[in-house]
Amino acid sequence: MSDQRIAALEYARKNKKNFLNSLNEVLKIPSVSTDPAHLPDMQNAANWAASQLRDLGMQKVEIHPTARHPVVYAEWLGVKGAPTVLIYGHYDVQPADPLDLWQTGPFEPTVRGESLYARGASDMK
């Protein structure tokens, strides 16, 4: 195993609690993009994503309003001549209906066994 891979795994293990806390934060935001009642939640999710990107050290972080939901953009151009990498993700989720099929609230992250359950927990969010 390479030294870089070992260092990355050690970093992940050391910071696991912080990573899970951050994931739980965003999972609590009911960012259902298809429901107009959740427009403020969509903005909250965009703000959360922008804050995380700033904390990661991105040099330019912007939230662009659109006709529907905001787009979050960030860049880091710290190495001249380095290749460009584009990462796409989304912070919205589909409706959680039917609610009676959930053992716990869809926006109340819950650990059962080795798994974390919440709306969006395994789909980009």
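In what follows, the accompanying structure is described. Remember, predicted model here, so these are calculated numbers, not experimental data. (Residues numbered from 1 in each chain as written. Predicted model: local features only at pLDDT ≥ 70, side-chain atom pairs only at ≥ 80, totals over all residues. Heavy atoms only, no water.)

### Brief notes about the overall build of the chain
Applicable threshold: In DSSP terms, a helix is any run of H or I states spanning at least four residues, a strand is any run of E spanning at least two, and both are numbered starting from the N terminus. Each residue is placed in one exposure class: buried if its accessible area under a 1.4 Å probe, protein chains only, is under 20% of its type's maximum, exposed if it is over 50%, and partly exposed if it falls in between. Note on contacts: a residue pair is in contact if any heavy atoms of the two residues lie within 4.5 Å. Note on areas: Shrake-Rupley, 1.4 Å probe, and residue coverage restricted to the protein chains presented here.
If you tally the helices and strands in the chain, you get three helices and four strands. On the principal axes, the C-alpha backbone points of the chain span a range of 50 × 40 × 20 Å. The buried share of the chain, reckoned over its 125 residues, is 26%. Put simply, of all contacts in the chain between residues at least 6 apart along the chain, 44% involve residues at least 24 apart. Carbon and sulfur atoms make up 55% of the accessible area of the chain, which totals about 9,300 Å².

### Focus on the pairing of strand E1 (residues 60-64)
Applicable threshold: Pairs of strands are assigned from DSSP output, requiring at least two bridges between the strands.
Pairing of E1 with strand E2 (residues 71-75) involves five bridges; the strand directions are antiparallel. Note on E2: the bridge partner recorded for His-64 is Val-71. Following E1, the chain reverses through six residues before pairing antiparallel with E2.

### Regarding the pattern of salt bridges
We count it as follows: Salt bridge, as used here: a side-chain nitrogen of Lys or Arg that lies within 4 Å of a carboxyl oxygen of Asp or Glu.
One pass over the structure, following the stated rule, counts one salt bridge. A salt bridge links Lys-60 to Glu-62; its shortest N-O distance comes to 3.7 Å. By relative accessible area, Lys-60 is classed as partly exposed at 33%.

### Quick notes on helix H3 (residues 39-55)
Heads up, the rule is: A helix's residues, less one, multiplied by 1.5 Å, set its expected span.
For H3, spanning 17 residues, the distance from its first C-alpha to its last is 25 Å, which sits close to the expected 24 Å at 1.5 Å a residue. Looking only at H3, the buried set comprises Asp-41, Met-42, Ala-45, Ala-46, Ala-49 and Ala-50. Those residues of H3 that are buried lie in contact with E1 and E2. One or two steps after H3, the chain reaches Gly-57, where phi turns positive at roughly 100°.

### Here's the deal with the nonpolar core
Selection rule: The term nonpolar core refers to a set of buried residues drawn from Ala, Val, Leu, Ile, Met, Phe, Trp, Tyr and Cys, joined through side-chain atoms within 4.5 Å.
By size, the foremost hydrophobic cluster in this structure holds six residues: Val-26, Ile-29, Met-42, Ala-45, Ala-46 and Tyr-91. The element best represented in this core is H3, accounting for three residues.

### Notes on the environment of Ser-33
Defined as follows: Within 3.5 Å is the distance limit for a polar contact, defined as a pair of N or O atoms, with the added protein rule that one can donate a hydrogen and the other accept it, and that residues adjacent in sequence qualify only through two side-chain atoms.
Along the polypeptide, Ser-33 turns up in the loop between helix H2 (16-27) and H3. Each C-alpha atom of the pair Ser-33 and Arg-68 lies 8.6 Å from the other, and the pair is 35 residues apart in sequence. Excluding residues that lie within four positions of it along the chain, Ser-33 makes contacts with Met-42, Arg-68, His-69, Asp-92 and Val-93. Side-chain polar atoms of Ser-33 contact the side chain of Asp-92, separated by 2.6 Å.

### A few points about the side chain of Ser-31
Along the chain, the position of Ser-31 falls in the loop between H2 and H3. Within the structure, the side chain of Ser-31 is placed 2.6 Å from the backbone oxygen of Tyr-91, a separation counted as a polar contact. For Ser-31, the residues in contact, after removing those within four places along its chain, are Asp-41, Met-42, Ala-45, Tyr-91, Asp-92, Val-93, Phe-107 and Lys-125.

### Focus: unusual backbone geometry
The linkage connecting Asp-97 with the following residue, Pro-98, adopts the cis geometry, with an omega of -5°. With respect to the helices and strands, the residue Pro-98 is situated in the loop between E2 and strand E3 (110-112).

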